[in-house]
Amino acid sequence: MTEPAPEPAPAAAPAVSLLSVPPTGAEVAAWTRLLGAVYAADLPGTPAPSLVEVGGRLGVPSIRGRSVQWAIRGEDGEIDGAAALLLFTDEGNTHGAYLDVLAVRPTARRRGLGRALWERVRAELLAQDRTSVASTVELDTPAQRFAESLGFENVLPMGWYVQQVPAGPVEAPRDAPGYRLVSWSGETPDAWAEAAAVAHGAMEDAPMGDLDQQAPIWTGERVRQAQRLVVDRGGVILTVAAVTDSGEMAAYTEVVLADPADTRAVQYDTVVTPAHRGRGLGRLVKRRMLVDVTAAYPRVREIVTAVADENAPMRGVNEALGYRRERGVGLFQLKL
């Protein structure tokens, strides 16, 4: 969310319209330009989502639910404000939703656009009998002030951490005794799909604060669906796993390039299953991932990841690998 608060009441409510389904090329381009302006003003130095990433997110549905997207257009035809809402349909979460985007062009702020978008979002939430909505909010930005003015609370304080990727080849780590490293791009191979589902289930003990959501039930097919979504949206997902001779997946890490041309990759999950913790496997799979990323995508200069403030073990792993805290972020939530 990126709208300062409070706002003066507008003389006439801005016209909020639904985005086309699927969005047109012109709508995707205008949405991308909007986010570019927002990032430049509120998060200078942070790369804005590319045309490929925006097109993928707007055009390819999430596996977790149904998306609704709105826009406010200026007199020049540009999108001056936008909102994207994900209504969960997965088991245990049909009461909730995720507000993925609520953005207003910096030059169009304080005209009631943010409020108008929020009222449309809120009406949709109530119409769909949703009782809570969450959103990821960058701290110390207009987004935080606007979210708090609506009643959102930070239920999971986090930080963005950045690792600089060295130029040139990176030395591959050795396998740990009793484990070997396997890696792939895209969907998990059939041979590891069920083991990957078990490992994904170990995320249930990850810090979630007071978030009103249930962890998904992972199966081999759901793991592959989540990975396929990245690819279908035009991106790349790389996985490195530490496995045992008996077929267990003891640890894994995932890195995503929402656009293969990006210079900044995003570290998704890094998980070590309970029975295999304390053996350095988290650092091991991340070191191997660095090797794979630099070999396959030499344009990548940084890897970023979000870690909960209370997740001291993972923050320690990241610190040992050279990650530095870039900025604060929070998972904000509103009960309706």
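Visitor: I'd like to hear about the sheet that holds strand β1 (residues 17-18), residue by residue, with values.
Guide: Strand order across the open sheet formed by twelve strands is β1-β2-β3-β4-β5-β12-β6-β11-β10-β9-β8-β7, with mixed pairing between neighbours. A single partner strand is all that each edge strand has here, and the edge strands are β1 and β7 (180-185). Sheet topology places strand β5 (residues 132-138) next to strand β12 (residues 324-335); seven bridges connect them, and they run antiparallel. The residue bridging Ala134 from the neighbouring strand is Gln333, located in β12.

Visitor: I'd like a description of the nonpolar core, backed by residues and values.
Guide: Membership of the largest hydrophobic core comes to 28 residues, with the highest contact counts inside it found for Leu281 and Ile303. Residues contacting Ile303, with those up to four places away along its chain left out, are Tyr161, Val162, Gln163, Val165, Val255, Ala265, Gln267, Leu290 and Tyr323. Within the second largest apolar cluster, 27 residues are counted, among which are Leu99, Val104, Ala143 and Leu150.

Visitor: Give me the lowdown on the side chain of Arg224, citing residues and values where you can.
Guide: Relative to the helices and strands, Arg224 resides in helix α6 (residues 220-232). Within polar-contact distance, the side chain of Arg224 engages the side chain of Glu187 at 3.3 Å. For Arg224, the residues in contact, after removing those within four places along its chain, are Glu187, Thr188, Pro189, Asp190 and Ala193.

Visitor: Which residues make up the pairing of strand β4 (residues 96-104), and what are the values?
Guide: The buried fraction of β4 amounts to eight of the nine residues, a majority that puts the element mostly inside the structure. Both strand β3 (residues 79-88) and β4 contribute to a ladder of seven bridges, which runs antiparallel. Opposite Leu86, over in β4, you have Tyr98 as the bridge partner. Here three bridges tie β4 to β5, and the two strands are oriented parallel to one another. Counted as the bridge partner of Gly96 is Ser132 from β5. What joins β4 to β5 is helix α3 (residues 113-127), and the crossover it makes is right-handed.

Visitor: I'd like a description of the packing of helix α7 (residues 281-296) against helix α8 (residues 312-320), backed by residues and values.
Guide: Where α7 contacts α8, the axes come no closer than 10 Å and their chain directions differ by 45°. For the element pair α7 / α8, the angle class is oblique. Judged by the sense of rotation from one axis to the other, the crossing of α7 with α8 is right-handed. Counted together, Gly282, Arg283 and Lys286 of α7 and Met314, Val317, Asn318 and Ala320 of α8 form the full contact between these two elements. Residue composition of the contact of α7 with α8, by class: three nonpolar, two polar and two charged.

Visitor: For the packing of helix α1 (residues 25-42) against helix α2 (residues 51-59), give the residues involved together with the corresponding values.
Guide: One way to put it is that α1 packs onto α2 with a least axis distance of 9 Å and a crossing angle of 120°. By the angle between their axes, α1 is oblique relative to α2. For the pair α1 and α2, the crossing hand works out as right-handed. Along the contact surface, α1 presents Val28, Ala29, Trp31, Thr32 and Leu35, while α2 presents Leu51, Val54, Gly55 and Leu58. Within the contact of α1 with α2, the residues separate by chemical class into seven nonpolar, two polar and no charged.

Visitor: Tell me about helix α5 (residues 190-201), and name the residues and values.
Guide: Between its terminal C-alpha atoms α5 stretches 18 Å, which fits the 16 Å expected from twelve residues at 1.5 Å a residue. Those residues of α5 not exposed but buried are Trp192, Ala193, Ala195, Ala196, Ala197, Ala199 and His200. Residues of α5 that are buried in the fold lie against β7, α6, β8 (236-243), β9 (249-257) and β10 (264-272).

Visitor: Would you mind going over the packing of aromatic side chains in detail, with residue names and values included?
Guide: Scanning the entire structure with this criterion turns up one aromatic pair. The ring of Tyr323 has Lys286 sitting right over it, with the charged end atom 4.9 Å from the ring centre.

Calculation rules
- Residues numbered from 1 in each chain as written.
- Predicted model: local features only at pLDDT ≥ 70, side-chain atom pairs only at ≥ 80, totals over all residues.
- Heavy atoms only, no water.
- Pairing = 2+ DSSP bridges.
- Helix = DSSP H or I, 4+ residues; strand = E, 2+ residues; numbered from the N terminus.
- Core = buried A, V, L, I, M, F, W, Y, C linked by side-chain atoms within 4.5 Å.
- Buried < 20%, exposed > 50% of the residue type's maximum accessible area, 1.4 Å probe, protein only.
- Contact = heavy atoms within 4.5 Å.
- Polar contact = N/O pair within 3.5 Å; in protein donor to acceptor, adjacent residues only side chain to side chain.
- Right-handed = clockwise from strand over helix to strand, strands pointing away.
- Axes fitted to C-alpha atoms, helices over the stretch in contact; angles between N-to-C directions.
- Parallel < 35°, antiparallel > 145°, perpendicular 65-115°, else oblique.
- Left-handed = near helix turned anticlockwise from the far one by under 90°.
- Nonpolar A, V, L, I, M, F, W, Y, C, P; charged D, E, K, R; others polar.
- Expected span 1.5 Å × (residues − 1).
- Phe/Tyr/Trp six-rings, centres within 6.5 Å; stacked < 30°, edge-to-face > 60°.
- Lys NZ or Arg CZ within 6 Å of the ring centre and 35° of its normal.

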